[in-house]
Amino acid sequence: MREQALQIREKAYAPYSDFPVGAVVQTPSGETFAGCNVENVAYPEGTCAEAGAIAAMVAAGAREIVAVYVVAGSDSPVPPCGGCRQKLAEFAKGPVRVTMATVSGVETEVLLSELLPGAFGAEHMS
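Just so you know, these numbers come straight off a predicted model, no measurement behind them.

As for the nonpolar core
Among the nonpolar cores identified, the biggest contains 23 residues, and Val25, Met57, Ile65, Val68, Leu88 and Val98 are the most heavily contacted of them. Not counting chain neighbours up to four residues away, the residues in contact with Ile65 comprise Val25, Gln26, Ile54, Met57, Leu88, Phe91, Ala92 and Val96. Core analysis: the next-biggest nonpolar cluster, separate from the first, contains 6 residues, Leu6, Tyr69, Val71 and Ala101 among them.

Right, here's the structure in full:
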C-alpha cells in the first residue's frame with residue numbers, strides 16, 4: 001500500500017498548498033484503490049486523497065474498507081481530516097487499520113475508531 005500511496009501522491013494537484021497527499025484503501029478481499037488530493041482555487045471545493053480513494057473503490061463496486069494508508073510530505077505523519085474520518089467510517093464494517101506515513105518512511109498506525117470515537121452511523125438515522 002505504501003508504494004501505491006507514494007505513486008499516486010506524485011499525481012496530486014496541489015498548486016495552492018503545495019502539500020500533495022496520496023491515500024490507498026484496502027477491501028477485505030485485498031483489493032486496493034488509490035486517490036490523491038485535488039485542490040481548487042475555491043479552496044473548500046477540493047478533494048482529499050482519502051475521498052478520492054473511496055470514490056475509486058465505490059466506482060469499482062466495493063463497499064467495505066479494512067485498511068487505509070495515507071502518505072504526505074510532512075515531517076511527521078498526518079491523519080485524515082475530520083470529514084475523511086467520517087467518510088472512512090461509512091465503509092468500516094469492523095476495525096479499520098489506518099497507517100499514516102511520511103515520504104521519508106516514518107509511520108504511525110492506529111485504528112479508525114481511535115481517530116473518530118463515537119462515529120455517526122446509519123443507526124443514528126432511525
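Don't stop here, the text continues.
Comments concerning the pairing of strand β1 (residues 21-26)
Two faces belong to every sheet, and in a regular strand the side chains alternate between them. Most of β1 is tucked away: 6 of the 6 residues are buried. Along β1, one buried face is formed by Val21, Ala23 and Val25 and the opposite face, lined by Gly22, Val24 and Gln26, is buried too. Pairing geometry for β1 and strand β3 (residues 65-72), over 6 bridges, is antiparallel. Paired with Gln26 across the two strands is Ala67, which belongs to β3.

Let's talk about a nonpolar patch on the surface
Residues Tyr13, Tyr16, Val38, Val41 and Tyr43 make up a contiguous nonpolar surface patch of about 540 Å² in total accessible area. Position of Val38 relative to the elements: it lies in the loop between β2 (32-36) and α2 (49-59). When its relative accessible area of 39% is taken as the criterion, Val38 is described as partly exposed.

Thoughts on unusual backbone geometry
Phi angles above zero are rare outside glycine, and Asp18 is one such case at about 55 degrees. Turning to its location among the elements, Asp18 is positioned in the loop between α1 (2-9) and β1. The exposed category is assigned to Asp18, whose relative accessible area is 64%.

Some thoughts on the side chain of Glu50
Considering the arrangement of structural elements, one finds Glu50 in helix α2. No salt bridge is formed by the buried Glu50; its nearest oppositely charged neighbour, Arg85, is found at 8.0 Å. Residues contacting Glu50, with those up to four places away along its chain left out, are Ala23, Val70, Pro80 and Cys84.

Considerations on α2
Considered for burial, the residues of α2 that qualify are Ala49, Glu50, Ala51, Ala53, Ile54 and Met57. At its buried positions, α2 is contacted by β1, β2, β3 and α3 (82-90). Among the residues trailing α2, Gly61 stands out with phi positive, at a value near 100 degrees.

Parameters and conventions
- Residues numbered from 1 in each chain as written.
- Predicted model: local features only at pLDDT ≥ 70, side-chain atom pairs only at ≥ 80, totals over all residues.
- Heavy atoms only, no water.
- Core = buried A, V, L, I, M, F, W, Y, C linked by side-chain atoms within 4.5 Å.
- Buried < 20%, exposed > 50% of the residue type's maximum accessible area, 1.4 Å probe, protein only.
- Contact = heavy atoms within 4.5 Å.
- Helix = DSSP H or I, 4+ residues; strand = E, 2+ residues; numbered from the N terminus.
- Pairing = 2+ DSSP bridges.
- Patch = residues over 30% accessible without salt bridge, like charges linked within 9 Å, V, L, I, M, F, W, Y side chains within 5 Å.
- Areas by Shrake-Rupley, 256 points an atom, 1.4 Å probe, with all protein chains shown as cover.
- Salt bridge = Lys/Arg side-chain N within 4 Å of Asp/Glu carboxyl O.
- Lys, Arg positive; Asp, Glu negative; His and termini not counted.

Just distances and angles here, no functional claims.
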